[in-house]
Number of protein chains: 2
Amino acid sequence: MAGGQAEVWGQLVARRKFGDGTFHGIRYQVLCIISISLRLNILCLLITIGIYFSTTRVALRNTLLMAFRRSCSDLFPVGNARIRETSTARSMINGAMNLSEKVEPLPEEFDPKEIVSPVALELNGVLKECADKSREIVLGRNVHTMCYTINEPEADDDITGEREAYMASVLARYRKSLIERTKHHLGYPYNLDFDYGALSQLQHFSINNLGDPFIESNYGVHSRQFEVGVLDWFARLWELDKNEYWGYITNCGTEGNLHGILVGREVFPDGILYASRESHYSVFKAARMYRMEFVKVATLVSGEIDCADFERKLLLNKEKPAIVNVNIGTTVKGAVDDLDMVIETLEKSGFRDQFYIHCDGALFGLMMPFVKRAPKVTFKKPIDSVSVSGHKFVGCPMPCGVQITRLKNINVLSNNVEYLASRDATIMGSRNGHAPIFLWYTLNRKGYRGFQKEVQKCLRNAHYLKDHLLEAGISAMLNELSSTVVLERPKDEQFVRRWQLACEGNIAHVVVMPNVTIEKIDYFLAELIKSRLSWYGDGESKPPCIAGDIGEENCCCSRHNT
Amino acid sequence: MAGGQAEVWGQLVARRKFGDGTFHGIRYQVLCIISISLRLNILCLLITIGIYFSTTRVALRNTLLMAFRRSCSDLFPVGNARIRETSTARSMINGAMNLSEKVEPLPEEFDPKEIVSPVALELNGVLKECADKSREIVLGRNVHTMCYTINEPEADDDITGEREAYMASVLARYRKSLIERTKHHLGYPYNLDFDYGALSQLQHFSINNLGDPFIESNYGVHSRQFEVGVLDWFARLWELDKNEYWGYITNCGTEGNLHGILVGREVFPDGILYASRESHYSVFKAARMYRMEFVKVATLVSGEIDCADFERKLLLNKEKPAIVNVNIGTTVKGAVDDLDMVIETLEKSGFRDQFYIHCDGALFGLMMPFVKRAPKVTFKKPIDSVSVSGHKFVGCPMPCGVQITRLKNINVLSNNVEYLASRDATIMGSRNGHAPIFLWYTLNRKGYRGFQKEVQKCLRNAHYLKDHLLEAGISAMLNELSSTVVLERPKDEQFVRRWQLACEGNIAHVVVMPNVTIEKIDYFLAELIKSRLSWYGDGESKPPCIAGDIGEENCCCSRHNT
């Protein structure tokens, strides 16, 4: 078409310019040549543009794909599942991947049965149904029926690729639900904002720091270099000299508490464990596991340990050493026990040198050092161990924690284990070697300054949330040093689950982590306020009074709102 | 240049063809036009070819890069480290990534100081040196000096990208060392042969199965669907009905043993723990942690529990229930305690209903069901719990394990923890949600049949290794049901470390896992035989006698070789 037009145009130009005089033939030939060459040029140009755009499109698609993969570490099934892979990738590019964008909530509770129908399984001649209603339900919902059953592969699965396709489909669906769930998360102190794309290259290795981090075992695929780097960083943060500390990277906050309390018990075998009643449940578990005498101490309304009660109880047990769990941020209210007052109480009750202090700093252990007015957690005070979670403020794909203790205490605990060519001072034997690399990566990128900035942001946002809750007439409390906003428990369990709020009695909490932005808070507030209208708008049912939990001044119930 | 040449060529053609006659001017013009249009055409063609090749090259590079990334899950740092990223990727494409290919061993022990020089750090006005020699060394080598120090980022790091580049370089170097170390690994029962590329897409999420796997907590980013699928699979394997089992995915073999023994103690609070002296060290640790009475039972040369000694010790403590740890594969010799004989001994000693059996099946718990002659581990026998490691025979990037126990026992242990909306029956609180997905993925792909094949291969290869060791005059033993080959401890510690052999006294072992191929075994054998010549070739020093550990018939020392 373009060629034809060019020819007509060439002829027209020729007629107009040269008229019908002599040299018509030659002129016509010249014009024809010009016309042909022009056509050729245009053709070339079109081909060029065509090739350019087609390749650019490929390049563009590849760039998009790669950017997408980079940003979400998205590597897809190998082998036969490739077909599915690209279509999944494309659909994700179309909008599903961006966590900060609005994601359509899944139509209802994610039902895996849509993918995996409960298959009747025959094994050893016995037919077994997947559905199972008889299991005892203690609290929450029983999820046994909600499982991705593992079926024996067919003999020809390698050829048909059906199995790979099935698994890829389960994973893609699961991933989508994770995106949605991550977006609507507020209740647990997990920083969900991290990017470890750079570390995917290590997923291929079975990294195991079995045994002591400071003594290399014979197993070579470890990450002790990173682990020790991370431990040094934390020891510096809590001001314990490199020659005087020992520590390791644990699997979670519970392991830190189990370790701290165990070391305490080994140092003082007949010591009594003291902890406030708002301590993490792992502290009570430790007492039971270790068969220790345990004394529960009362708390103030804020959630802090009540040092008057602590003193009374210490004086009742003067003959035995004290092993004290100090909460650097309680689980529910984010209350920080006053470390200085705890030490003072111990000393004035006559426990000089006869006490061991473990600081459970699961979340705030890493935030407190960056809050100016906070009482300092430091080994310059007579404390013995500090634990902090790695998946909380730092953010990590799997739970992990950091445990720092005084080296002199460890020699009491450790046994030599020749098999490992290492001493046995950790609770777990094999230890996840990926976690230290995740932590190392984030600490290196952010540094002390980076954390300080994030802590400030969280505290600011927490205040924003608390202020707006109170403005809207919703009972709420925020401890001064905390980013945990305690509020009245939403009436509807569906709402609680949608926002994944942690609840206890009539209260719930939102933990403002670095990934909880003002936008997210506004979104939550708007939804809560709207929902409350439907719960309490009729004037018949009323919001609960939670003055007992958060104090009268923070309660907005009909009695205290006046 | 091309244009100039075309013009000259055009003029030459014009001179030759038309001479210097009439219409020279017109002809010359025509030729000029032709020449110009030709030049334009050639130019267009060159541009087209140029664009085509340049884009093809980009596409080719992208394809290669993506294929490479897909195959090794290699995603690189974002942001400023991109420059480094491509060069790393390219160098990896050049051959470093294939685990099965020969990898040049690193020049010597991997020294991170090449990258990270020990920097003197100033914090709070105190100058601290990284090197530290005063730390107590118990066994093995102290690795505190071998650490990747975390330095505070410079203010302009975001702009210069130096930090990203530094981290990318550390990671690339580390990855290379992991490849080398993975290649030369024989001593630990970890299957290093896995490909979880399909799961990298989930690394972006903080997946946490906190609390009980069967009761959904409010935290929505979990993987209970996968966990319960895996648990069901194992319950089927060990023949415990879905309504009668409880279990969870642990962090490692130690957690399994800690859990099994704790449940035992809760069922029989005054029970005595019995375990053979070759049990895993975590069993002894549990006894100490839980303050339990503990009786150590003797073993046979094979490493199995000595039931005669067991009976004697039971009869001394008839008044108290027995909590028995049965080894389904001991750590060092891979010896399998005879479960049937243990039960028989208990019953004939009068412990009817007064015993609790925990089976520590760290490695062999998953292999045994596929070995025909092996005594069966099944809940149809009066056992109470079984634990197995996930990172061992299955293969997993991080340690994990599976714990299966009778549901009725769990109700003794569990406490309600309202905070989690879950009962507390696990040792750890927060639990790695990625591990269940890894296990689910492998179990689904391989199935019971796939594992059976791999078990057979391992046993075959283990026999191959043992036979060739004995043929070469090297003391070696292989228990009938095991893939753990026990051999004389190599004299040179450098050799032990190179092959990452686990050692105890004069013996070492090689655990033949699915990734230990005949080629790898041959490579190891050749190196061992050659090294032994240099150790013992002079006739002065002699290989140790290890008849006490493995029996006279397996010992090749000068005394028993006759």
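These figures come from a predicted structure and were not determined experimentally.

Moving on to the sheet that holds strand β14 (residues 476–478) of chain A. Residue and element names in this part refer to chain A. The antiparallel open sheet is built from four strands, whose spatial order is β14-β15-β17-β16. This sheet does not close on itself; its edge strands, each paired only once, are β14 and β16 (502–504). Pairwise comparison of adjacent strand axes, ignoring direction, gives a mean angle of 25 degrees for this sheet. Relative to strand β17 (residues 507–511), strand β15 (residues 484–488) is paired through five bridges, and the arrangement is antiparallel. Considered in β17, the bridge of T484 is made with V511.

With that out of the way, let us pick up the pattern of salt bridges. Under the criterion given, the structure shown has 42 salt bridges over all chains. Between K348(B) and E311(B) there is a salt bridge, with its nearest N and O atoms 3.6 Å apart. Of this pair, K348(B) sits in helix α10 (residues 339–348) while E311(B) sits in helix α9 (residues 307–316), and the two are 37 residues apart along the sequence. Owing to a relative accessible area of 56%, K348(B) belongs among the exposed residues under this scheme. Relative accessible area serves as the criterion here: at 24%, E311(B) is assigned to the partly exposed category. Overlapping salt bridges, with partners in common, bring together E239(A), K376(A) and K380(A) in one network.

Let us now look at the packing of helix α6 (residues 224–237) of chain B against helix α14 (residues 434–471) of chain B. Residues and elements named next belong to chain B. It is the contact of α6 with α14, at a shortest axis distance of 8 Å, that shows an interaxial angle of 30 degrees. Taken together, α6 and α14 sit at an angle that is classed as roughly parallel. Here α6 and α14 pass one another in a crossing that is left-handed. Contacts from F226, E227, V230, W233, F234, R236 and L237 in α6 reach P436, I437, L439, W440, L443, G447, Y448 and F451 in α14. Class assignment for the residues of the contact of α6 with α14 results in 12 nonpolar, one polar and two charged.

To continue, consider the sheet that holds strand β5 (residues 245–250) of chain A. Pairing between the strands of a sheet comes from backbone hydrogen bonds, and it takes one of two forms, parallel or antiparallel. Residue and element names in this part refer to chain A. Pairing is mixed across the open sheet formed by seven strands, whose spatial order is β5-β11-β10-β9-β8-β6-β7. Of all the strands in the sheet, the pair left with one neighbour each is β5 and β7 (293–297). Direction aside, the axes of adjacent strands within the sheet are offset by 15 degrees on average. Taken together, the five bridges between strand β6 (residues 272–276) and β7 define a ladder with parallel strand orientation. Each bridged residue has a counterpart across the sheet, and for Y274 the counterpart in β7 is V295.

The subject of this paragraph is the packing of aromatic side chains. Residue and element names in this part refer to chain A. Enumeration over the complete set of coordinates arrives at 50 aromatic pairs over all chains. Geometrically, the ring pair formed by Y188 and Y190 is stacked, given 5.9 Å between the ring centres and 25 degrees between the ring planes. Of the two residues, Y188 and Y190, both sit in the buried class. An aromatic cluster is present here, built from W233, F234, W238, F393, Y448 and F451 joined pairwise through their rings. Here the basic side chain of K296 rests over the ring of F284, its NZ or CZ set 4.9 Å away from the ring centre.

Residue and element names in this part refer to chain A. Most of β15 is tucked away: five of the five residues are buried. With three bridges joining them, β14 and β15 adopt antiparallel strand pairing. Of the residues in β15, the one forming a bridge with M477 is V486. Connecting the antiparallel pair β14 and β15 is a turn made up of five residues.

A few words on helix α7 (residues 253–267) of chain A. Its 15 residues place the ends of α7(A) 21 Å apart at the C-alpha level, agreeing with the 21 Å of an ideal helix rising 1.5 Å per residue. With 14 of 15 residues buried, α7(A) lies mostly within the body of the structure.

The next subject is the UniProt feature "modified residue: N6-(pyridoxal phosphate)lysine" (unreviewed entry) in chain A. Residue and element names in this part refer to chain A. Mapped onto this numbering, the UniProt entry annotates "modified residue: N6-(pyridoxal phosphate)lysine" (unreviewed entry) at K392. Structurally, the position occupied by K392 is in helix α12 (residues 391–395). The contact partners of K392, leaving out residues within four places of it in the chain, are P189, Y190, N191, A362, L363 and M513. Only 3.5 Å separates the side chain of K392 from the side chain of S389, close enough to count as a polar contact.

The next point concerns the domain arrangement of chain A. All names here are of chain A. By domain assignment, chain A separates into domain 1 (3–116 + 151–183), domain 2 (224–445) and domain 3 (447–554). Taking only C-alpha atoms, the centre of domain 2 and the centre of domain 3 are 28 Å apart. With 28 residues of domain 2 in contact, the opposing surface of domain 3 contributes 25 residues. Between domain 2 and domain 3, roughly 2100 Å² of surface is buried when both sides are summed, and carbon and sulfur atoms account for 68% of that area.

This brings us to the side chain of E266(A). Following the sequence through the fold, E266(A) ends up in helix α7. Side-chain polar atoms of E266(A) contact the side chain of R265(A), separated by 2.9 Å. Contacts of E266(A), omitting those with residues within four sequence positions, involve V412(A), L413(A) and R288(B).

So, about the state of the cysteines. All names here are of chain A. Per the stated rule, a full pass over the model turns up zero disulfides over all chains. Free of any disulfide, C359 has its nearest neighbouring cysteine sulfur in C307, separated by 13 Å. Under the relative-accessibility criterion, C359 is labelled buried at 0%. Here C400 stays unpaired: no disulfide links it, and the sulfur of C396, its closest cysteine neighbor, is 3.8 Å away.

Criteria and cut-off values
Residues numbered from 1 in each chain as written. Chains lettered and ligands numbered in written order. Predicted model: local features only at pLDDT ≥ 70, side-chain atom pairs only at ≥ 80, totals over all residues. Heavy atoms only, no water. Pairing = 2+ DSSP bridges. Helix = DSSP H or I, 4+ residues; strand = E, 2+ residues; numbered from the N terminus. Axes fitted to C-alpha atoms, helices over the stretch in contact; angles between N-to-C directions. Salt bridge = Lys/Arg side-chain N within 4 Å of Asp/Glu carboxyl O. Buried < 20%, exposed > 50% of the residue type's maximum accessible area, 1.4 Å probe, protein only. Parallel < 35°, antiparallel > 145°, perpendicular 65-115°, else oblique. Left-handed = near helix turned anticlockwise from the far one by under 90°. Contact = heavy atoms within 4.5 Å. Nonpolar A, V, L, I, M, F, W, Y, C, P; charged D, E, K, R; others polar. Phe/Tyr/Trp six-rings, centres within 6.5 Å; stacked < 30°, edge-to-face > 60°. Lys NZ or Arg CZ within 6 Å of the ring centre and 35° of its normal. Expected span 1.5 Å × (residues − 1). UniProt positions renumbered as here; feature names shortened; annotations may be inferred. Polar contact = N/O pair within 3.5 Å; in protein donor to acceptor, adjacent residues only side chain to side chain. Domains from an automatic or database assignment. Buried area = accessible area lost by both parts, 1.4 Å probe. Disulfide = S-S within 2.5 Å.

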